[in-house]
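# What the coordinates show
Below, each chain spelled out in residue letters.
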Amino acid sequence: RNLASVTETSLIVHSENEFFANLGELLPRLVSLSLDDSELKSLRDLGTSLRTLRSLSLARCDLEELDGLAAFPELRELGLANNRITELDPIFHHETLQVLDVR
């Protein structure tokens, strides 16, 4: 299948071992991404090329902060269940976000 036509996917990644900051360049039409159960140090690990992303699920990723959220200007749904985030301030500055799951 042509990667340029993929609009949604689910992956498990380990940011210490893999470089995936160019994911948006490989999947330019991606609008929905699930990285549940991945190991991410920061949203910055995802780079800045996922500009068309509308839904992002990061459940159980051991995230502590949301720095880098501004790299997703079209984001409407954000799943952050079961992480260690204590500061939600970046979310309040994200104008397109409509659905937030922080259970």
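Residues numbered from 1 in each chain as written. Predicted model: local features only at pLDDT ≥ 70, side-chain atom pairs only at ≥ 80, totals over all residues. Heavy atoms only, no water.

### What about unusual backbone geometry?
- With a phi angle near 55°, Arg60 is a residue other than glycine that sits in the positive phi range.
- As for its placement among the helices and strands, Arg60 is situated in the loop between strand E3 (55–57) and strand E4 (77–79).
- Accessibility expressed as a relative area gives 41% for Arg60, which makes it partly exposed.
- Even without glycine at this site, Asn82 takes up a positive phi of about 60°. (Helix = DSSP H or I, 4+ residues; strand = E, 2+ residues; numbered from the N terminus. Buried < 20%, exposed > 50% of the residue type's maximum accessible area, 1.4 Å probe, protein only.)

### Quick look at the pattern of salt bridges
- According to the stated counting rule, one finds 4 salt bridges in the structure shown.
- For Arg60, the salt bridge goes to Asp37, with nearest N and O atoms at 2.7 Å. Residue Arg60 is located in the loop between E3 and E4, and its partner Asp37 is located in the loop between strand E2 (32–34) and E3; the two are separated by 23 residues in the primary sequence.
- Among the ionic pairs, Asp62 bridges to Arg84, the shortest N-O distance being 3.1 Å. Of the two residues, Asp62 is situated in the loop between E3 and E4 and Arg84 in the loop between E4 and helix H2 (89–92); the sequence distance between them amounts to 22 residues.
- By relative accessible area, Asp62 is classed as partly exposed at 45%.
- Where salt bridges share partners, they join Asp62, Glu64 and Arg84 into one cluster. (Salt bridge = Lys/Arg side-chain N within 4 Å of Asp/Glu carboxyl O.)

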